[in-house]
Amino acid sequence: MRFPASHTSIGYLFVTSTYWHAFWKCVIGACRHGNVVSLSLHYWESREMELGNQNPESQKEIELAPEVFNISFVFPNGDRYEGECTKTLSGSLERNGTGVHTSQQGFVYLGSWKNDKMNGIGKLKHPSGAVYEGEFLDNMFHGKSTYTFPNGARYIGIFNQNKMEGEGEFVDMNGLQWKGTFHHKAAPGLKLKI
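A few points on the structure. Note that the coordinates shown come from a computational prediction; the quantities given were computed from them, not determined experimentally.

Per the secondary structure count, the chain includes zero helices and 15 strands. Carbon and sulfur atoms form 55% of the exposed surface of the chain, whose accessible area is close to 12,600 Å².

See the structure below:
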């Protein structure tokens with residue numbers, strides 16, 4: 001939706017269909033080149049309800065997904081990001097969706113982003129040759145994953161805030177499989193799988 005660039009007041013455009021009302025809201029200074037920056041859908045229990053008589057408790061607001069942009073960006077430190085992003089309320093871009101971040105030090109992350117952080121499923125390659133593939137939460141290894149060490153050994157199991165935690169499997173560089181309970185870097189009582 002585009003509206004005249006000069007529009008800077010709060011406005012409502014209703015699209016009525018039985019119980020649904022869609023409206024756009026443009027607050028002073030928030031309209032960017034005439035583009036609507038906020039669109040909301042509201043549902044009211046009563047068809048008869050007038051604009052001025054809305055009971056806030058009977059409204060159910062539905063957030064619409066923000067517009068997604070595909071970008072290629074070089075950070076001031078030389079890191080590069082190529083992928084999806086969205087605009088924040090302040091108008092800045094943040095990584096949301098899927099993308100690839102390559103650092104000057106040789107780290108490469110390919111995967112999901114949310115709120116400008118690695119969140120969801122992804123793969124992080126370290127310059128040493130180590131690779132983490134699995135779930136991320138707020139830039140941390142978190143969830144079911146596989147971590148491959150530079151020597152080829154690997155851990156398959158759960159990470160909790162960057163630490164191996166719980167039941168898992170360790171495959172050494174000779175291919176032997178060990179199973180047990182991990183707690184950070186320790187795994188007392190590992191048993192060889194036969």
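Now that the structure has been shown, the text picks up again.
Our focus in this paragraph is the pattern of salt bridges. Considering all chains together, one arrives at three salt bridges under this definition. A salt bridge links R80 to E82; the shortest N-O distance between them is 3.9 Å. Residue class for R80 comes out partly exposed when judged on its relative accessible area of 35%. For R95, the salt bridge identified is with D116, shortest N-O distance 2.8 Å. Of this pair, R95 sits in strand β7 (residues 93–102) while D116 is found in the loop between β8 (108–114) and β9 (117–125), placing the two residues 21 residues apart along the sequence. You can call D116 partly exposed: its relative accessible area is 31%.

Moving on, we come to unusual backbone geometry. For D116, which is not glycine, the phi torsion reads 65° and is therefore positive. Positive phi, close to 50°, is recorded for Q161, a residue that is not glycine. Position of Q161 among the secondary structure elements: in the loop between β12 (154–160) and β13 (163–171).

Bridge count between strand β6 (residues 80–87) and β7: seven bridges; the pairing is antiparallel. Each residue of the ladder has a partner; that of G83, found in β7, is G99. In textbook terms, the turn of a hairpin is the stretch between consecutive antiparallel strands, and for β6 and β7 this stretch comprises five residues, one of which, G91, has a positive phi near 100°. Across six bridges, β7 lies against β8 in antiparallel orientation. Within β8, the residue paired with T98 across the bridge is S112. With antiparallel pairing between neighbouring strands as the criterion, β7 and β8 make up a hairpin whose turn holds five residues, including G106 at a positive phi of roughly 105°.

Take the packing of aromatic side chains next. Inspection of every chain in the model, using the stated rule, returns 15 aromatic pairs. Judged by centre distance (5.2 Å) and plane angle (80°), the rings of Y132 and F159 are edge-to-face. Here F159 lies in strand β12 and Y132 lies in strand β10 (residues 131–137), a separation of 27 residues in the sequence. The two residues Y132 and F159 agree in class, both being buried. Measuring from ring centre to ring centre gives 4.8 Å for Y147 and F149, while their planes differ by 75°; the resulting arrangement is edge-to-face. You can call F149 partly exposed: its relative accessible area is 25%. An aromatic cluster of three or more residues is present, and its members are Y81, Y109, W113, Y132, F136, F141, Y147, F149, Y155, F159, F170 and F182.

Procedures and definitions
Residues numbered from 1 in each chain as written. Predicted model: local features only at pLDDT ≥ 70, side-chain atom pairs only at ≥ 80, totals over all residues. Heavy atoms only, no water. Helix = DSSP H or I, 4+ residues; strand = E, 2+ residues; numbered from the N terminus. Areas by Shrake-Rupley, 256 points an atom, 1.4 Å probe, with all protein chains shown as cover. Salt bridge = Lys/Arg side-chain N within 4 Å of Asp/Glu carboxyl O. Buried < 20%, exposed > 50% of the residue type's maximum accessible area, 1.4 Å probe, protein only. Pairing = 2+ DSSP bridges. Phe/Tyr/Trp six-rings, centres within 6.5 Å; stacked < 30°, edge-to-face > 60°.

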